[in-house]
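# Working through the structure, step by step
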Amino acid sequence: SQQIQFADDMQEFTKFPTKTGRRSLSRSISQSSTDSYSSAASYTDSSDDEVSPREKQQTNSKGSSNFCVKNIKQAEFGRREIEIAEQDMSALISLRKRAQGEKPLAGAKIVGCTHITAQTAVSGCLSGGLGWDTSCSPGKNLISSEWVKARSVVQKRVAVFAWKGESEDDFWWCIDRCVNVDGWQANMILDDGGDLTHWVYKKYPSVFKKIRGIVEESVTGVHRLYQLSKAGKLCVPAMNVNDSVTKQKFDNLYCCRESILDGLKRTTDVMFGGKQVVVCGYGEVGKGCCAALKALGAIVYVTEIDPICALQACMDGFRVVKLSEVIRQVDVVITCTGNKNVVTREHLDRMKNSCIVCNMGHSNTEIDVTSLRTPELTWERVRSQVDHVIWPDGKRVVLLAEGRLLNLSCSTVPTFVLSITATTQALALIELYNAPEGRYKQDVYLLPKKMDEYVASLHLPSFDAHLTELTDDQAKYLGLNKNGPFKPNYY
């Protein structure tokens, strides 16, 4: 099989200027927000909810009790869903096969914090084949934990601390249990949102003495890393996966283009034809949402702060407006900005009856949900992840997932797209872990296009796609290497 050489063949990651502005976010968890649509839900029983998983004593099939999930006995159901996900994650499996001989992550002890889904379970289980220590590696939960999958990962001797319905206190407890382990200390961090990195800085700063690097995939976490770098407090190298092409152009765009409709349909049964929808933000996520809604006949408005993104929206046929100009007439409001307080109480007060409000950005800061928890408003739970917020005059606003991520809370996300992101993360871990001392300073780095193109090439066989090869003369004319990279680093 083809051998992979990461540190030697790939150009050094391009350092991203730390002065570039990033939007800040925070993340919090509530029990109702952690309910998620999953086929696993049908396998639960009421006894699971009577006792907190933190108070249970459980042992997996390997005899280990280093995990915390609701009921390890139901791991078989999770295994079946993971097997389904594996069918559409062939690139990650291919990467494992190509690198199996050299074990590029041999000796790596990875602690992580990410969404527990069938797809991330595949990533955790398969990447163990790259050599990392999976006996005590990432275990965690965010708002969309599909806990039956978590149980199956536990059976693979990955220490998972996650369950459906955990509180914010439980969330931080789970992170602490992953970091503070007797006889085991992580040397790599895999984060999604910066919560794990924040916790280590706050509670266990000495851990960074052995950490070789951080791999971060979200806009929130990347923003926090740039803040640390700018303040001179980032003490290890960090890889910005979020701004890689294989994350931005695929996970953010194509994933949201499909999952926005899935989440809205599952929760509200809404018909989109003729509906007026305002999408706040026309970045990659906003572009995906707008394309899907337009295809189903919705009348779509866009709000933007960036004149370039606004012009793109205009050229794509959308009317760019201020939210206040259309808030009284729209049927659906979708936030995709990554910012805070995009939809305020003033906007919510002016919405029409039965207006649907949801978030496709990141975390739970885009919609000012806190302002709705006042005595004069009544909250009515209609179904899982669907609340009617009722005003004194009888007006109802339909709030989905309490303002948290719609697709991860209320539906599923396409496995194939997550395969692209997971493969990119794996390669970033390999590069950071194997890089010679001094190659990467205590700063934030972008993925090189060579790595992005390699990730893309691993997924092309799924479509039976055949790349055209440049002739020597053509390559010389373009000033390119025949084997790439074909795009500049700023692309």
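Bear in mind the structure is a predicted one, so any value in this text is a computation, not a measurement. (Residues numbered from 1 in each chain as written. Predicted model: local features only at pLDDT ≥ 70, side-chain atom pairs only at ≥ 80, totals over all residues. Heavy atoms only, no water.)

For the rest of this paragraph, the subject is the UniProt feature "binding site: substrate" (unreviewed entry) in the protein chain. The feature "binding site: substrate" (unreviewed entry), as annotated in UniProt, sits at Thr117, Asp192, Glu217, Lys247 and Asp251 in this numbering. Here Thr117 is to be found in the loop between strand 1 (110-113) and helix 4 (118-127). Locating Lys247 in the fold gives a position in helix 9 (residues 245-268). Exposure remark for Lys247: the relative accessible area of 7% places this residue in the buried category. Ignoring any residue separated from it by four or fewer positions in sequence, one finds Lys247 in contact with Glu217, Val241, Asn242, Asn252 and Thr421. At 3.5 Å, the side chain of Lys247 forms a polar contact with the side chain of Asn242. (UniProt positions renumbered as here; feature names shortened; annotations may be inferred. Helix = DSSP H or I, 4+ residues; strand = E, 2+ residues; numbered from the N terminus. Buried < 20%, exposed > 50% of the residue type's maximum accessible area, 1.4 Å probe, protein only. Contact = heavy atoms within 4.5 Å. Polar contact = N/O pair within 3.5 Å; in protein donor to acceptor, adjacent residues only side chain to side chain.)

This paragraph deals with the nonpolar core. The nonpolar side chains of soluble globular proteins are, as a tendency, buried together. Leu95, Leu105, Ile110, Val215, Met239, Leu427 and Leu429 are the most contacted members of the largest nonpolar core, which totals 35 residues. Contributing elements (two or more residues each) for this core: helix 2 (75-86), helix 3 (90-99), helix 4, strand 2 (188-191), helix 15 (415-434) and helix 16 (449-459). The element contributing the most residues to this core is helix 15, with 10 residues. Ranked by size, the runner-up nonpolar core spans 32 residues in total, among them Ile260, Val302, Ala313 and Met360. (Core = buried A, V, L, I, M, F, W, Y, C linked by side-chain atoms within 4.5 Å.)

If you trace the backbone, Asp331 turns up in the loop between helix 12 (323-326) and strand 8 (332-335). Of note is the side chain of Asp331, whose polar atom sits 3.0 Å from the side chain of Lys352. Sequence-distant contacts of Asp331, that is, excluding residues within four places in its chain, are made with Lys275, Gln276, Lys352, Ser354, Cys355 and Ile356.

A few words now on helix 10 (residues 284-295). The terminal C-alpha atoms of helix 10 lie 17 Å apart, and with 12 residues this matches the ideal 16 Å at 1.5 Å per residue to within 8%. Packing partners of the buried residues in helix 10 comprise helix 9, strand 5 (276-280), strand 6 (299-303), helix 11 (307-315) and strand 8. Phi for Gly297, located one or two positions after helix 10, is positive at around 90°. (Expected span 1.5 Å × (residues − 1).)

Time to look at the pattern of salt bridges. Taken as a whole and assessed by the stated rule, the structure comprises 16 salt bridges. Asp170 is the salt-bridge partner of Arg54, the closest N and O atoms lying 2.8 Å from each other. Of the two residues, Arg54 sits in the loop between helix 1 (47-50) and helix 2 while Asp170 sits in helix 6 (residues 168-179), which places them 116 residues apart along the sequence. Close ionic contact of Arg439 with Glu431 constitutes a salt bridge, the shortest N to O distance being 3.1 Å. By relative accessible area, Glu431 is classed as buried at 0%. (Salt bridge = Lys/Arg side-chain N within 4 Å of Asp/Glu carboxyl O.)

The subject of this paragraph is the environment of Val158. If you trace the backbone, Val158 turns up in the loop between helix 5 (147-155) and helix 6. Sequence separation of Val158 and Ser64 is 94 residues, and the distance between their C-alpha atoms is 9.9 Å.

Residue Gly484 is joined to Pro485 through a cis peptide bond whose omega torsion reads 5°. Structurally, Pro485 can be placed in the segment after helix 17 (472-478). Backbone geometry at Asn341 places phi at a positive 50°, although glycine is not the residue there. On the basis of relative accessible area, Asn341 is assigned to the partly exposed category, the value being 38%.

Let us now look at the packing of helix 6 against helix 7 (residues 195-203). Between helix 6 and helix 7, the least distance of the axes is 10 Å, while the angle of their chain directions is 65°. In this view, helix 6 runs roughly perpendicular relative to helix 7, as classed from their interaxial angle. Crossing geometry of helix 6 relative to helix 7 is assigned as right-handed. On the side of helix 6, the interface is formed by Phe171, Trp172, Ile175, Asp176 and Val179, while helix 7 contributes Asp195, Leu196, His198, Trp199 and Val200. Per-class residue counts for the contact of helix 6 with helix 7 are 7 nonpolar, 1 polar and 2 charged. (Axes fitted to C-alpha atoms, helices over the stretch in contact; angles between N-to-C directions. Parallel < 35°, antiparallel > 145°, perpendicular 65-115°, else oblique. Left-handed = near helix turned anticlockwise from the far one by under 90°. Nonpolar A, V, L, I, M, F, W, Y, C, P; charged D, E, K, R; others polar.)

Moving on: the sheet that holds strand 13 (residues 444-446). Taken in spatial order, the 5 strands make up an open sheet running 1-2-3-4-13, and their pairing is parallel. The open sheet is flanked by strand 1 and strand 13, the only strands paired with a single partner. Averaged over all adjacent pairs, the angle separating strand axes in this sheet is 20°, with direction ignored. Bridge count between strand 2 and strand 3 (residues 213-216): 4 bridges; the pairing is parallel. Pairing of Ile189 across the sheet is with Ile214, part of strand 3. Taken strand by strand, helix 8 (residues 219-230) contacts strand 3, strand 4 (238-240) and strand 13, and its axis lies near 145° from that of strand 3. (Pairing = 2+ DSSP bridges.)

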